[in-house]
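# Architecture at a glance
Now for the letters of each chain:
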Amino acid sequence: MTTRSIAFHSYKGGTGKTTLAANLAAKLASEGYNVTLLDLDVYAPSLQVYFDYYPETWLNDLLSGNAKLSEVMVDISSTVSKLVADPGKKTGKLWVGFSNPQKEEIYKMEGGIGKQKNDKIEFLRKFIQVREEIIDRYDCDYIIVDTSPGVRYWSINALALADAIFLTLKFGDLDIEGTRKMATDLYNSFTRFGAKSYLLLNRVAGYCVPESSQAPHLHIHHDKQEMTRMISSLPVTDEQEIGKTLSEQVGMDLISAVPCYCDIQFSRKEFLTVLEHPEHPFAKQLEKLAMSQQIKSD
Ligand SMILES: Nc1ncnc2c1ncn2[C@@H]1O[C@H](COP(=O)(O)OP(=O)(O)OP(=O)(O)O)[C@@H](O)[C@H]1O
Ligand SMILES: [Mg+2]
């Protein structure tokens, strides 16, 4: 299979890009695919929190020419295989490239490197090179990219790596006009070169389990039995319907409509939901996404 690269992007912040990118990457790896996950939200990196990992070398060092790719990519595969329920299941590799959350490093990315005219071309070249090197060296089926929201310099650069852009929209604070404008103006420059873009609606409607609504900050996850009971009591909603209407308004195909679950919202380790609680409806939704035809190829 040729490598597919998928970037999660949004117009506004806090739409679920990082949660979805980390979960999708973990899900694909658990299904036997080789995956690299890149934190290209250089303005506000957060994957290190999700994976509880603080490397010595970061993507920033790679992009500024101070480190090699092999020094930056962290092999997280054993975490995936440990968490998969069936120990006999063949899982894939998961490599993660982290972005440095230190203030000075963010500042450097923001104001320093990449801002001069010549630097810009050099940077784009570097980006394309990184993508090619990942494909060559890591034999990966997927490159999943987390990006910064909006149209800032690095958000756009990160999109240049993608074959598919998943525009993540959070239900509730929709900005249809802004989103549509971004989808047409910005994405067109990528789709002209063959990239596809899809609408991904997140946190549609809301499910709150009685226990977690009592003390959401204390209630992280349910045990399996409790989870099964909870799932069977969830109301059936029309999130696909809502998604269809929005996709028409925004003018993009809908790839998924993920409901809002308050146990995920208040959990600190949501990136492992797909592995730790494969029965959770969020995990089921991600599984559907991971297995969808649009994810595999176009
Ligand atoms: N389907 C969901 N149900 C409930 N909570 C969710 C869901 N998806 C994401 N969240 C929660 O929403 C919050 C924002 O998610 P996340 O950090 O992934 O967004 P983001 O788009 O990466 O934000 P930013 O633009 O700041 O990088 C997190 O607390 C996350 O747990
Ligand atoms: Mg994020």
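In the annotation of an unreviewed UniProt entry, the entry for the chain reads CobQ/CobB/MinD/ParA nucleotide binding domain-containing protein, and the organism field reads Candidatus Nitrososphaera evergladensis SR1.

## With respect to unusual backbone geometry
Within the chain, Asp 139 stands out as a residue other than glycine whose phi angle is a positive 45°. Counting through the fold element by element, Asp 139 comes out in the loop between α7 (117-138) and β5 (142-147). Judged by relative accessible area, Asp 139 falls into the exposed class, the value being 56%. Positive phi, normally seen in glycine, also occurs at Arg 203, with a value near 55°.

## Focus: the site of ligand 1
Around ligand 1 there are 20 residues in total, and Lys 17, Thr 18, Thr 19, Arg 203 and Pro 259 lie nearest to it. Relative to its unbound accessible surface of 640 Å², ligand 1 loses 82% to contact with the protein. The cavity that encloses ligand 1 is the largest pocket. In terms of residues, the shell around ligand 1 owes the most to one element, strand β8 (residues 253-261), which gives 4 residues. The residue inventory of the shell around ligand 1, partitioned by class, reads 8 nonpolar, 8 polar and 4 charged.

## Comments concerning the environment of Gly 251
By the secondary structure assignment, Gly 251 is in the loop between α12 (239-250) and β8. Gly 251 sits in the exposed class, given a relative accessible area of 61%. Once the C-alpha coordinates of Gly 251 and Thr 184 are considered, the two residues, 67 residues apart in sequence, prove to be 8.5 Å apart.

## A word on the pattern of salt bridges
Throughout the structure, instances matching the rule amount to 9 salt bridges. For Asp 163, the salt bridge goes to Arg 131, with nearest N and O atoms at 3.7 Å. You can see Asp 163 sitting in the loop between α8 (153-159) and β6 (164-170) and its partner Arg 131 sitting in helix α7, a full 32 residues away along the chain.

## Considerations on the nonpolar core
With 45 residues, the main nonpolar core has Leu 38, Leu 40, Trp 154 and Tyr 187 as its most contacted residues. With near-sequence residues (within four places) excluded, Leu 38 lies in contact with Leu 47, Leu 59, Met 73, Gly 97, Ile 134, Ile 143, Ile 144, Val 145, Asp 146 and Leu 161. The next biggest cluster of nonpolar side chains, apart from the first, holds 43 residues, and it includes Trp 58, Leu 94, Ala 164 and Ile 295.

Cut-off values and rules
- Residues numbered from 1 in each chain as written.
- Chains lettered and ligands numbered in written order.
- Predicted model: local features only at pLDDT ≥ 70, side-chain atom pairs only at ≥ 80, totals over all residues.
- Heavy atoms only, no water.
- Helix = DSSP H or I, 4+ residues; strand = E, 2+ residues; numbered from the N terminus.
- Buried < 20%, exposed > 50% of the residue type's maximum accessible area, 1.4 Å probe, protein only.
- Near = heavy atom within 4 Å.
- Areas by Shrake-Rupley, 256 points an atom, 1.4 Å probe, with all protein chains shown as cover.
- 1 Å grid on protein atoms, 1.4 Å probe; cavity = no way out; pocket = protein on both sides within 12 Å on 5 of 7 lines; lining within 4 Å.
- Sits in = over half its atoms within 2 Å of the grid points.
- Nonpolar A, V, L, I, M, F, W, Y, C, P; charged D, E, K, R; others polar.
- Salt bridge = Lys/Arg side-chain N within 4 Å of Asp/Glu carboxyl O.
- Core = buried A, V, L, I, M, F, W, Y, C linked by side-chain atoms within 4.5 Å.
- Contact = heavy atoms within 4.5 Å.

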